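Report on the structure
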Amino acid sequence: MEITYPPSGWLKKSEEPLNFYKSLLALYPDDKKELAIVIKKDQTKVVITKEKAQNKSIILAKEIKNLSQLEGDEQLRIFTVINASEASFYLMLASSFLGANHCICFEDLSEHAISSRIDIFQPHIILGKSEIVEKLVEAKKKSDIKEIPVCNIDEILRTDGFRHSQIMDYDFSSAEYTSEDILFTLFTSGSTGLPKAIRHTSSRFSRYAIATCKHFFKLDNKSTIFTATDAGWINGHTYAFYGPLLCGSTTVISEDLSKTAKPEYLDFILINCRVTCFYASVTLIRAIRQNAILNTNVSRENKSLILERVGSCGEPLANDVGKWVVQYFKPKRKSIVNTYFQTETGGILTAPRDEDGFNSDYSNVGKPSNFVDIRTAKDLLSVQELEDEEIEPNE
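Residues numbered from 1 in each chain as written. Predicted model: local features only at pLDDT ≥ 70, side-chain atom pairs only at ≥ 80, totals over all residues. Heavy atoms only, no water.

1. Some words on a negative patch on the surface
Put simply, the rule is: Patch membership requires over 30% relative accessible area and the absence of a salt bridge. Like charges are linked within 9 Å, and nonpolar side chains (Val, Leu, Ile, Met, Phe, Trp, Tyr) within 5 Å. Only the protein chains shown count as cover for residues, and all accessible areas are computed by the Shrake-Rupley method using a 1.4 Å probe. Every case where a carboxyl oxygen of Asp or Glu lies within 4 Å of a side-chain nitrogen of Lys or Arg is listed as a salt bridge. We treat Lys and Arg as the positive residues and Asp and Glu as the negative residues; His and chain ends play no part in the count. Charge coordinates come from a single atom per side chain, which is NZ of Lys, CZ of Arg, CG of Asp or CD of Glu. Only runs of H or I of at least four residues qualify as helices and only runs of E of at least two qualify as strands under DSSP, and these elements are numbered from the N terminus. Any residue under 20% of the maximum accessible area for its type is buried, any over 50% is exposed, and the rest in between are partly exposed; the area is computed with a 1.4 Å probe on protein chains only.
Where like charges cluster on the molecular surface, the negative patch consists of Glu385, Glu387, Asp388, Glu389 and Glu390. By the element assignment, aspartate 388 lies in helix α14 (residues 383-389). In this structure aspartate 388 comes out as exposed when scored by relative accessible area, which is 54%.

What follows is the structure, encoded as structure tokens:
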């Protein structure tokens, strides 16, 4: 396995240890406050309060710690193949409780693709939902790592015998991340060869997630965001879980994202969950438009949407699609937050906002934010440092 590190000088600044689990829950003073709303495949709505999130995540964390093949002081690595779901929400929260490095992959990956990612990530435990466990067992057999447990996350989460107060009596408290500990690892698609494992540290990632959520989406404790993306994408981390929770917002999760392209299903979510920010891929937005145009029998009159903003991601937004989005969803803010970033950056680099002045060309990518400082290596490092780190001057 080849690991590429950034120049050593970039990480010289030391930081205090961070209790990430407490940070995720810090802006929810009321135990009954909604952290998330999960729409199940049968369209039933499950509300995850702070109290429920604590109970479930600590139960899961306790089982992961007991079952994992972790030895010594090494950071725990949790490998999970799971779609966006109630279980994926608890998994990310449990991982932060343990101070672990989690890796989430898509359920539709082949056994070979999963096994190659296992070999790269080198996990201490593998988790999946009931319908995927057998596939994970076969994928592990194809990998170079044989002696690690494959566990059914659904079975663990069915355990409901403990309350949060009882669990804490067992001297099981949330861990801290150092400045060098990894919060999560996310793989690129691997479409051009061996997938790259992109690692994000806790404190730097959290600051960037908070900054971009507030700057581009204006998230706060009154916001409800529906990021219509799977847990295996970077958006499913930064803008469906970490960012919203760190801002005290409510996040919406659909366990059947394939239905989101159907206007009536999407309206059901936007209205019933009182969504203020809808964020989706351009591919999904085009599919919604196509279905809406074909399904002219469904009236949108008197639809009680309270959308403040709509955002797009994944590829450039065509001007005609952007105009349709504003006409169809009628958000309060007329600029589409047409984001540019990728797995490697972990968050939005630039996007349009009404606050920066409305631009009627919806294909624009907005003005660079003042917290993004992009420079070439030669601007930051001396000639000797460039040679020592083997970095090209114009990188």
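2. Details of the environment of glutamate 315
Let me state the cut-off plainly: Here, two residues are considered to be in contact whenever any of their heavy atoms come within 4.5 Å of each other. Under this definition, polar contacts are N or O atom pairs within 3.5 Å; protein pairs additionally need one hydrogen-donor-capable and one acceptor-capable atom, and for neighbouring residues in sequence, both atoms have to be side-chain atoms.
Along the chain, glutamate 315 falls in the loop between β12 (309-313) and α12 (319-329). Residue glutamate 315 is classed as partly exposed on the basis of its relative accessible area of 29%. Each C-alpha atom of the pair glutamate 315 and asparagine 338 lies 8.7 Å from the other, and the pair is 23 residues apart in sequence. Excluding residues that lie within four positions of it along the chain, glutamate 315 makes contacts with Val282, Thr283, Arg286 and Asn338. Of the polar contacts made by the side chain of glutamate 315, one reaches the side chain of arginine 286; its length is 3.0 Å.

3. Quick word on the packing of aromatic side chains
The cut-off we apply is this: For this analysis, a ring pair means two rings from Phe, Tyr or Trp (six-membered ring only for Trp) whose centres lie within 6.5 Å, classed as stacked if their planes differ by under 30 degrees, edge-to-face if by over 60, and tilted for the remaining angles. When the NZ atom of lysine or the CZ atom of arginine is within 6 Å of a ring's centre and also within 35 degrees of its normal, the charge is said to sit over that ring.
Taken as a whole and judged by the stated rule, the model has 20 aromatic pairs. Geometrically, the ring pair formed by tyrosine 328 and phenylalanine 329 is edge-to-face, given 5.0 Å between the ring centres and 90 degrees between the ring planes. One exposure class covers both tyrosine 328 and phenylalanine 329, and it is buried. A network of ring pairs unites the aromatic residues Phe20, Phe89, Tyr90, Tyr177, Phe184, Phe205, Phe241 and Tyr242 as a single cluster. Residue placement shows arginine 117 over the ring face of phenylalanine 187; its charged tip is 5.6 Å from the ring centre.

4. Observations concerning the sheet that holds strand β5 (residues 125-128)
So the rule is basically this: When DSSP finds two or more bridges between a pair of strands, those strands are recorded as paired. Lines are fitted to the C-alpha atoms to define the axes, a helix being fitted only along its stretch in contact, and any angle between axes, read from their N-to-C directions, falls within 0 to 180 degrees.
Spatially, six strands are ordered β6-β5-β3-β4-β7-β8 in an open sheet, and the strand pairing comes out mixed. Pairing within the sheet leaves two strands with one partner each, and these edge strands are β6 (150-152) and β8 (197-201). Neighbour-to-neighbour, the strand axes of this sheet turn through a mean angle of 25 degrees, independent of strand direction. Direction of pairing for strand β3 (residues 77-81) relative to β5: parallel, over a ladder of four bridges.

5. A closer look at the pattern of salt bridges
For the structure shown, the criterion picks out 14 salt bridges. Notably, a salt bridge pairs glutamate 51 with lysine 32, separated by 2.7 Å at the nearest N-O pair. Of this pair, glutamate 51 sits in helix α2 (residues 50-67) while lysine 32 sits in the loop between α1 (20-25) and β1 (34-39), placing them 19 residues apart in sequence. When the shortest N-O distance is used, the salt bridge between lysine 52 and glutamate 86 registers 3.6 Å. Here the residue lysine 52 occupies a position in helix α2, and glutamate 86 occupies one in helix α3 (residues 86-98), the gap between them amounting to 34 residues.

6. Considerations on the side chain of serine 85
Within the secondary structure, serine 85 sits in the loop between β3 and α3. Using a relative accessible area of 3% as the deciding quantity, one classes serine 85 as buried. A polar contact of 3.1 Å, which involves the side chain of serine 85, links it to the backbone oxygen of asparagine 83. Every residue in contact with serine 85, bar those within four places of it in the chain, is listed here: Lys129, Ile253 and Glu255.

7. Here's the deal with the nonpolar core
For clarity, the threshold we go by: The criterion is simple. A nonpolar core is a set of buried Ala, Val, Leu, Ile, Met, Phe, Trp, Tyr and Cys residues joined through side-chain atoms within 4.5 Å.
One finds Leu60, Ile64, Ile78, Phe89, Phe217 and Tyr242 to be the most contacted residues of the largest nonpolar core, which totals 66 residues. Element by element, the count of residues in this core is highest for α3, at nine residues. With residues up to four places along the chain from it excluded, the contact list for isoleucine 64 reads Leu76, Ile78, Leu91, Leu98, Ile125 and Leu127. Leu266, Ala280, Trp324 and Phe329 belong to the second largest nonpolar core, which has 30 residues in total.

8. Things to note about the pairing of strand β11 (residues 277-281)
Burial analysis of β11 places four of its five residues in the buried class, the great majority of the element. Judged from the four bridges that link them, strand β9 (residues 224-228) and β11 form a sheet pairing that is parallel. Residue pairing across strands places isoleucine 225 opposite cysteine 277, the latter belonging to β11. Note: β11 against β12, five bridges, orientation parallel. Bridging from a neighbouring strand, cysteine 277 pairs with arginine 309 of β12.

9. Side note on helix α11 (residues 282-294)
Condition: By this rule the span expected of a helix is its residue count minus one, scaled by 1.5 Å. The arc refers to the directions leading from the helix axis to the C-beta atoms.
Taking 1.5 Å as the rise per residue, α11 with 13 residues should run 18 Å; its terminal C-alpha atoms sit 18 Å apart, in good agreement. If you check which residues of α11 are buried, you get Val282, Leu284, Ile285, Ile288 and Ala292. An end-on view of α11 places all buried positions within 155 degrees of arc, on one side of the element. Projecting away from the buried face of α11 at angles above 90 degrees are the exposed residues Gln290, Ile293 and Leu294. Packing partners of the buried residues in α11 comprise β9, α10 (263-272), β11, β12 and α12.

As far as function goes, none of this settles anything; it's purely spatial.
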